[in-house]
Amino acid sequence: MKVALLASTDSPDELACRAARNDYTTEFVADRGFAEVMEAVDGGTVEEKKANLISQLMERGHYGPFEHPNATFAVRGISRVCMAQITRHRHASFDVQSLRYTIPEPGSDVRGSVVTPPSVEEAGLNDEFLEGCERQFELYHNLIDEDAPKKFRGDGTTPPEDARFLLPMATKVNMVFTLNARALMHVADMRAAADAQWEVRELTDRMLELAEDWMPTTFETYREEMLGRKNRLAP
Ligand SMILES: Cc1cc2nc3c(=O)[nH]c(=O)nc-3n(C[C@H](O)[C@H](O)[C@H](O)COP(=O)(O)OP(=O)(O)OC[C@H]3O[C@@H](n4cnc5c(N)ncnc54)[C@H](O)[C@@H]3O)c2cc1C
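The name an unreviewed UniProt entry assigns to the protein is Flavin-dependent thymidylate synthase, from the organism Halorutilus salinus. For the protein, the Function (unreviewed entry) comment in UniProt is given as "Catalyzes the reductive methylation of 2'-deoxyuridine-5'-monophosphate (dUMP) to 2'-deoxythymidine-5'-monophosphate (dTMP) while utilizing 5,10-methylenetetrahydrofolate (mTHF) as the methyl donor, and NADPH and FADH(2) as the reductant." Under Subunit (unreviewed entry), UniProt gives the following word-for-word description of the protein: "Homotetramer."

Structural data, given as structure tokens:
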């Protein structure tokens with residue numbers, strides 16, 4: 001699995017703070033410098049004020065300001081199992097690689113086209129798992145290949161969108177998705193948790209690492225104060 005931050009809102013911590021301060025002032029936040037906007041917040045420096053405000057917002061459950069900064073992630077090589085889990089989150093927008101228009105290469109090493117769960121490897125069943133996947137890929141290619149023997153493809157060929165029904169759920173796909181910081185924290189509440197499956201947990205952990213670089217004050221506070229607590233955050 002590879003995860004990258006493809007695009008993101010600039011100065012996201014500052015944007016969340018500006019949005020929050022907007023709620024408690026009659027001044028127009030767009031006309032004022034950031035230090036001025038943060039004047040009434042406790043703290044010696046602007047950085048301290050930012051950290052204090054973000055911590056207070058999370059503590060009070062005032063999550064709206066975290067909906068303004070957005071991040072777009074590109075993900076390579078997750079299984080369709082993991083894809084099904086992450087796409088359940090309705091506040092994110094997704095583009096998923098189509099197995100109708102992108103056809104896994106015939107004869108290519110199946111190992112590179114599927115995700116093998118660590119438990120299968122630990123049980124020493126790697127070869128059996130890959131053989132099973134290979135068989136499904138072989139049947140798939142025979143269905144779509146007009147040069148395949150008739151006994152494999154019947155009286156015609158099957159379109160890839162129907163032949164793909166045969167592919168294993170381990171088949172790798174790539175995705176691009178966008179979500180705001182609040183939705184990302186909610187996804188992490190559910191998917192970085194111990195009861196989430198290992199692959200979606202790994203995906204979420206990588207997203208959180210990238211989020212800490214992108215929006216450091218918010219996501220460091222989230223990791224230190226919110227992640228793993230009992231009452232999960234609902235956007
Ligand atoms: C460990 C684990 C096991 C799971 N097992 C299963 C399973 O066996 N079968 C299965 O189907 N799913 C399963 N799920 C998926 C789970 O039920 C959720 O559908 C998924 O995690 C999306 O999260 P969410 O409900 O918080 O919604 P999101 O889409 O992430 O929305 C975030 C929040 O917005 C609010 N919201 C969004 N849409 C609505 C709405 N229509 N009405 C009211 N409030 C809304 C809710 O507060 C919600 O929590 C599992 C999830 C986990 C973490």
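The discussion continues.
Caption draft 1: Broad picture of the nonpolar core. Phe66, Phe73, Leu179, Phe219 and Tyr222 are the most contacted members of the largest nonpolar core, which totals 42 residues. Within the residue set of this core, elements represented by two or more residues are helix 1 (12-22), helix 3 (46-60), strand 2 (70-79), helix 4 (80-86), strand 4 (172-180), helix 9 (181-191), helix 10 (198-214) and helix 11 (216-226). Counting 10 residues, the second largest nonpolar core, distinct from the first, contains Leu99, Cys133, Phe137 and Leu167.

Caption draft 2: Representation of the sheet that holds strand 1 (residues 2-8). An order of 1-2-4-3 is seen for the four strands of this open sheet, with the pairing classed as antiparallel. Looking at the sheet topology across the chains shown, the edges are occupied by strand 1 and strand 3 (93-96). Each strand axis lies, on average, 20 degrees off the axis of its neighbour in the sheet, ignoring direction. Here strand 2 runs beside strand 4; their pairing, made up of eight bridges, is antiparallel. Looking across to strand 4, one finds that Ile78 is bridged to Val173. Along the sheet face, helix 9 touches strand 2 and strand 4 and points at about 125 degrees away from the line of strand 4.

Caption draft 3: Representation of the site of the ligand in the model. The environment of the ligand is formed by nine residues, the closest being Arg88, His89, Arg90, His186 and Arg191. In this structure, an oxygen atom belonging to the ligand sits 3.2 Å away from a side-chain N or O atom of His91. Expressed as a share of its isolated accessible area of 940 Å², the protein-covered part of the ligand is 50%. Looking at the shell around the ligand residue by residue, the classes come out as two nonpolar, three polar and four charged.

Caption draft 4: Local environment of helix 9. For helix 9, the buried fraction is high: 10 of the 11 residues fall into the buried class. Buried residues along helix 9 sit in contact with helix 3, strand 2, helix 4, strand 4, helix 10 and helix 11. The backbone nitrogen of Arg182 has a side-chain oxygen 3.1 Å away, supplied by the residue at the start of helix 9, namely Asn180.

Caption draft 5: Structural context of the UniProt feature "binding site: FAD" (unreviewed entry) in the protein. Here, UniProt's "binding site: FAD" (unreviewed entry) annotation points to Arg88, His89, Arg90, Asn180, Ala181, Arg182 and His186. When you line up the elements, Asn180 lands in strand 4. Only 3.1 Å separates the side chain of Asn180 from the backbone nitrogen of Arg182, close enough to count as a polar contact. Using a relative accessible area of 0% as the deciding quantity, one classes Ala181 as buried. Residues in contact with Ala181, not counting those within four places in the same chain, are Phe66, Pro69, Trp214, Met215 and Phe219.

Caption draft 6: Representation of the side chain of Arg32 within the structure. Note that Arg32 resides in the loop between helix 1 and helix 2 (34-37). Those residues within four positions of Arg32 in sequence are excluded, and the remaining contacts are Arg18, Thr25, Glu27, Val37 and Glu39.

Caption draft 7: Spatial organisation of the pairing of strand 4. The pairing of strand 3 with strand 4 spans four bridges and is antiparallel. Directly across from Val96, in strand 4, lies its bridge partner Met175.

Caption draft 8: Structural context of the pattern of salt bridges. By the definition in use, this model includes eight salt bridges. Among the salt bridges present, the one from Glu14 reaches Arg18, with a minimum N-O distance of 3.6 Å. Of this pair, Glu14 and Arg18 both sit in helix 1, four residues apart, which is roughly one turn of that helix. Take Glu14: its relative accessible area is 26%, and that puts it in the partly exposed class. Across the pair Arg223 and Glu212 runs a salt bridge whose closest N-O atoms are separated by 2.4 Å. Of this pair, Arg223 sits in helix 11 while Glu212 sits in helix 10, and the two are 11 residues apart along the sequence. Judged by its relative accessible area of 42%, Arg223 is partly exposed.

Cut-offs applied
- Residues numbered from 1 in each chain as written.
- Predicted model: local features only at pLDDT ≥ 70, side-chain atom pairs only at ≥ 80, totals over all residues.
- Heavy atoms only, no water.
- UniProt positions renumbered as here; feature names shortened; annotations may be inferred.
- Core = buried A, V, L, I, M, F, W, Y, C linked by side-chain atoms within 4.5 Å.
- Buried < 20%, exposed > 50% of the residue type's maximum accessible area, 1.4 Å probe, protein only.
- Helix = DSSP H or I, 4+ residues; strand = E, 2+ residues; numbered from the N terminus.
- Pairing = 2+ DSSP bridges.
- Axes fitted to C-alpha atoms, helices over the stretch in contact; angles between N-to-C directions.
- Contact = heavy atoms within 4.5 Å.
- Near = heavy atom within 4 Å.
- Polar contact = N/O pair within 3.5 Å; in protein donor to acceptor, adjacent residues only side chain to side chain.
- Areas by Shrake-Rupley, 256 points an atom, 1.4 Å probe, with all protein chains shown as cover.
- Nonpolar A, V, L, I, M, F, W, Y, C, P; charged D, E, K, R; others polar.
- Salt bridge = Lys/Arg side-chain N within 4 Å of Asp/Glu carboxyl O.

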